[in-house]
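If you want the building blocks of each chain, they are given just below.
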Amino acid sequence: MTSDILDVSGVDVTFGGIRALSDVSLSVPERKITAVIGPNGAGKTTLFNVISGFYKANSGSVTFAGADLLSQPAHTRSANGISRTFQNIALFPGMTVAENIKLGAHAQLRTGLFTAGLYLGPAAREERELEQRMDETVIELLGLEDSRDSSVSGLPYGTQKRIELARALISAPRLLMLDEPFAGLPTTEKATMAAQIRKVVDERGVTVLLIDHDMESIMGMSDQVVVLNFGEVIAAGAPAEVQANPAVIEAYLGAEA
Ligand SMILES: Nc1ncnc2c1ncn2[C@@H]1O[C@H](COP(=O)(O)OP(=O)(O)OP(=O)(O)O)[C@@H](O)[C@H]1O
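Residues numbered from 1 in each chain as written. Predicted model: local features only at pLDDT ≥ 70, side-chain atom pairs only at ≥ 80, totals over all residues.

Asks: I would appreciate a short explanation of the overall build of the protein chain in the present structure.
Replies: Within the protein chain, the regular secondary structure consists of 10 helices and 10 strands. Taking 257 residues into account, the globule formula puts the C-alpha radius of gyration at 18 Å, and the protein chain, at 19 Å, falls close to it. Dimensions of the protein chain along its principal axes, counting C-alpha atoms only, are 60 × 40 × 40 Å. Expressed as a percentage of contacts within the protein chain between residues at least 6 apart in sequence, the contacts between residues at least 24 apart total 68%. (Helix = DSSP H or I, 4+ residues; strand = E, 2+ residues; numbered from the N terminus. Rg over C-alpha atoms; globule rule 2.2 N^0.38 Å. Contact = placed C-beta atoms within 7 Å.)

Asks: Hey, could you run me through the pairing of strand 9 (residues 224–229) in this one?
Replies: Side-chain direction in a regular strand flips from residue to residue, so the side chains alternate between the two faces of the sheet. Taken across its six residues, strand 9 has six buried, putting it largely inside the fold. Judged by which residues are buried, strand 9 turns out to be covered on both faces: Q224, V226 and L228 on one side and V225, V227 and N229 on the other are all buried. Bridge count for strand 9 against strand 10 (residues 232–237) is five bridges, and the pairing is antiparallel. When the bridges of strand 10 are listed, L228 appears paired with V233. Connecting the antiparallel pair strand 9 and strand 10 is a turn made up of two residues, with F230 showing a positive phi of about 45 degrees. (Buried ≥ 20, exposed ≤ 12 C-beta atoms within 10 Å, placed from the backbone. Pairing = 2+ DSSP bridges.)

Asks: Which parts of the structure should I look at to understand unusual backbone geometry?
Replies: Phi is mostly negative for residues that are not glycine, and the peptide bonds are mostly trans. Residue D23 is not a glycine yet carries a positive backbone phi of 50 degrees. Here D23 shows up in strand 2 (residues 18–29).

Asks: Hey, could you run me through the environment of G220 in this one?
Replies: With respect to the element layout, G220 can be found in helix 8 (residues 215–221). G220 gets classed as partly exposed once you count the C-beta atoms within 10 Å, which come to 13. Along the backbone, G220 and L142 are 78 residues apart, and their C-alpha atoms lie at a distance of 20 Å.

Asks: Hey, could you run me through helix 1 (residues 44–52) in this one?
Replies: Within helix 1, the full set of buried residues consists of K44, T46, L47, F48, V50 and I51. Just past helix 1, the residue G53 takes up positive phi, approximately 90 degrees.

Asks: Explain the site of the ligand to me, please; I cannot follow it from the model alone.
Replies: By nearness alone, every residue bordering the ligand is listed as F15, I18, A20, G38, N40, G41, A42, G43, K44, T45 and T46. Listed by contribution, the elements that provide at least two residues to the shell around the ligand are strand 2 and helix 1. Counting residues per element, the shell around the ligand draws most heavily on helix 1, which supplies three residues. When its residues are assigned to classes, the shell around the ligand shows four nonpolar, six polar and one charged. (Near = placed C-beta within 6 Å. Nonpolar A, V, L, I, M, F, W, Y, C, P; charged D, E, K, R; others polar.)

Asks: What should I look at first to understand the nonpolar core in this one?
Replies: Note on soluble globular proteins: their nonpolar side chains tend to be buried together. A166, L176, V208 and V227 are the most contacted members of the largest nonpolar core, which totals 64 residues. Counting residues domain by domain, this core receives three or more from each of domain 1 (1–81 + 173–256) and domain 2 (92–172). (Core = buried A, V, L, I, M, F, W, Y, C linked by C-beta atoms within 7 Å. Domains from an automatic or database assignment.)

Asks: Can you help me understand the pairing of strand 7 (residues 175–179) in this one?
Replies: Burial analysis of strand 7 places five of its five residues in the buried class, the great majority of the element. Along strand 7, one buried face is formed by L175, M177 and D179 and the opposite face, lined by L176 and L178, is buried too. Pairing between strand 6 (residues 82–84) and strand 7: three bridges, direction parallel. Considered in strand 7, the bridge of S83 is made with L176. As defined by bridge partners, strand 7 adjoins strand 8 (residues 207–211) across five bridges and the pair is classed as parallel. Within strand 8, the residue paired with L178 across the bridge is L210. One crossover worth recording links strand 7 to the parallel strand 8 by way of helix 7 (residues 187–204), and it is right-handed. (Right-handed = clockwise from strand over helix to strand, strands pointing away.)

Asks: Even after reading the chapter, I still don't get the sheet that holds strand 9, so can you show me in this structure?
Replies: Taken in spatial order, the six strands make up an open sheet running 6-7-8-3-9-10, and their pairing is mixed. Strands at the two margins of the open sheet, each flanked by one partner only, are strand 6 and strand 10. On average, each strand axis in the sheet is inclined to that of its neighbour by 15 degrees, with strand direction left out of account. Across the face of the sheet, helix 7 comes into contact with strand 3 (33–37), strand 7 and strand 8 while running at roughly 150 degrees to strand 8. (Axes fitted to C-alpha atoms, helices over the stretch in contact; angles between N-to-C directions.)

Next up, the structure:
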């Protein structure tokens, strides 16, 4: 049996006169893939930003593994076991793939980037352990062996997306939040990305919550789909169920009109 690892309940967010989220509730089952979809402006990014602690909710609660998240600042999410990627790739182009990935773990290192310069012994040991963990876990899992020591600039977009995924995974999160993992990918690479996200769930036991517009990828890979429209949840369930829901069809047809 699967239990829910994340519970969003009655969340309201307003910006001036705009109600970006209205009484939003959803549950994310552990070790499953949940996708949040909806037309442009539906509130998907706002929901991600509330869970991440970047936006304040006017009311409601977000509970992760039993802990109340909304009372904790954004920088505690990593320690809580939550990691995320962003809509636009934010890698350091002059650094290598491995260096970029390691940055994802530095919030967790005891010595940290700055104290590393002062206490070389423990820092060097921690760095070595981190490299080993990186090679054994994310590099191999995401098939980045060949580009490990290459500079990020010049690598194909699909590889850069995988590096972002690896950077979010190196901290061994329980919940991985992916903001548009399929955006900008050529069709041939979408299936690879979907398969790798599924691998992360099945082999590492990570729970995935993602936002995207790519219906084919989402419907093919998700265990649960939650649909937002004008800041409200209008449907939630298995992909086939959601696809056949008249309110969902109406929301998408309305958005195209
Ligand atoms: N920081 C902000 N200040 C003011 N309004 C905002 C802010 N962030 C979002 N909004 C508004 O809240 C609503 C929901 O926006 P949001 O970006 O969450 O939608 P979305 O579903 O992620 O859209 P898209 O698919 O286009 O990324 C929109 O009306 C948007 O203009």
